[in-house]
Amino acid sequence: MKTGISADHGGFELKEAIRQEFKNIDWVDFGVHSPEPADYPDKAAELCRAILSGQLDRGILICGTGIGISIAANRFRGIRAALCHDVFTAEMCRRHNNANVLALGGRVLDKEMAFRIVRLFFDTPFDGGRHEKRIEKIDTVTQG
Ligand code: RB5
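Residues numbered from 1 in each chain as written. Predicted model: local features only at pLDDT ≥ 70, side-chain atom pairs only at ≥ 80, totals over all residues. Heavy atoms only, no water.

Asker: Requested: an account of a positive patch on the surface, with residues and values cited.
Answerer: A contiguous patch of positive charge on the surface is contributed by Arg130, Lys133, Arg134 and Lys137. Along the chain, the position of Arg130 falls in helix 6 (residues 130-140). Since its relative accessible area comes to 55%, Arg130 is described here as exposed. (Patch = residues over 30% accessible without salt bridge, like charges linked within 9 Å, V, L, I, M, F, W, Y side chains within 5 Å. Areas by Shrake-Rupley, 256 points an atom, 1.4 Å probe, with all protein chains shown as cover. Salt bridge = Lys/Arg side-chain N within 4 Å of Asp/Glu carboxyl O. Lys, Arg positive; Asp, Glu negative; His and termini not counted. Charge placed at Lys NZ, Arg CZ, Asp CG, Glu CD. Helix = DSSP H or I, 4+ residues; strand = E, 2+ residues; numbered from the N terminus. Buried < 20%, exposed > 50% of the residue type's maximum accessible area, 1.4 Å probe, protein only.)

Asker: Tell me what's going on with the packing of aromatic side chains, and back it up with residues and numbers.
Answerer: Following the criterion strictly, the structure yields 4 aromatic pairs and no others. Between Phe22 and Phe115, the ring centres sit 6.1 Å apart and the planes meet at 80 degrees, which makes this aromatic pair edge-to-face. Of the two residues, Phe22 sits in the loop between helix 1 (12-21) and strand 2 (26-29) while Phe115 sits in helix 5 (residues 111-123), which places them 93 residues apart along the sequence. As far as burial versus exposure is concerned, Phe22 and Phe115 are alike and both buried. Taking 6.2 Å as the distance between ring centres and 55 degrees as the angle between the ring planes, the aromatic pair formed by Phe22 and Phe122 counts as tilted. Of this pair, Phe22 sits in the loop between helix 1 and strand 2 while Phe122 sits in helix 5, and the two are 100 residues apart along the sequence. When its relative accessible area of 6% is taken as the criterion, Phe22 is described as buried. Feature note: the residues Phe22, Trp27, Phe115, Phe121 and Phe122 constitute an aromatic cluster, connected by ring pairs. Between the NZ or CZ atom of Arg58 and the centre of the ring of Phe121, over which it lies, the distance is 5.2 Å. (Phe/Tyr/Trp six-rings, centres within 6.5 Å; stacked < 30°, edge-to-face > 60°. Lys NZ or Arg CZ within 6 Å of the ring centre and 35° of its normal.)

Asker: Describe the sheet that holds strand 4 (residues 81-83), listing the residues and the values that go with them.
Answerer: Judged by pairing direction, the sheet is parallel, and its 5 strands sit side by side in the order 2-1-3-5-4 without closing on themselves. Looking along the sheet, the strands with just one partner apiece sit at the ends: strand 2 and strand 4. Direction aside, neighbouring strands of the sheet carry axes that sit 25 degrees apart on average. (Pairing = 2+ DSSP bridges. Axes fitted to C-alpha atoms, helices over the stretch in contact; angles between N-to-C directions.)

Next up, the structure:
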């Protein structure tokens, strides 16, 4: 699975740790490549465009809290970005929401919890069924 990862300065350290921990993943790393200041909407936009154009299957976005970068990502139609802080939300974002982007807070999570969340994001399948039509509705009833 080709997976993008992108972070601002608040997420840089966690991004590097995730890349080290998950060496088996086919990563495309959008930076930042040092703790240089970056604007989280820019980091979200690069990765989301790559998913929507079919270059990537999924993505992980990291800022300080995960909030700004998930808000920005969810402006892209077809992106379902889930901000997860624990294993329950990590599992459910895949099972019920078919999340294609995981958002994390680099200043919120300890590394072990972040790794557990990332593992679930990769390993948990979408339940489908009744959740399909709800996901379709995200793109049909929320245009306003
Ligand atoms: C950057 O200082 C910080 O605002 C950003 O990483 C993020 O937490 C925004 O939601």
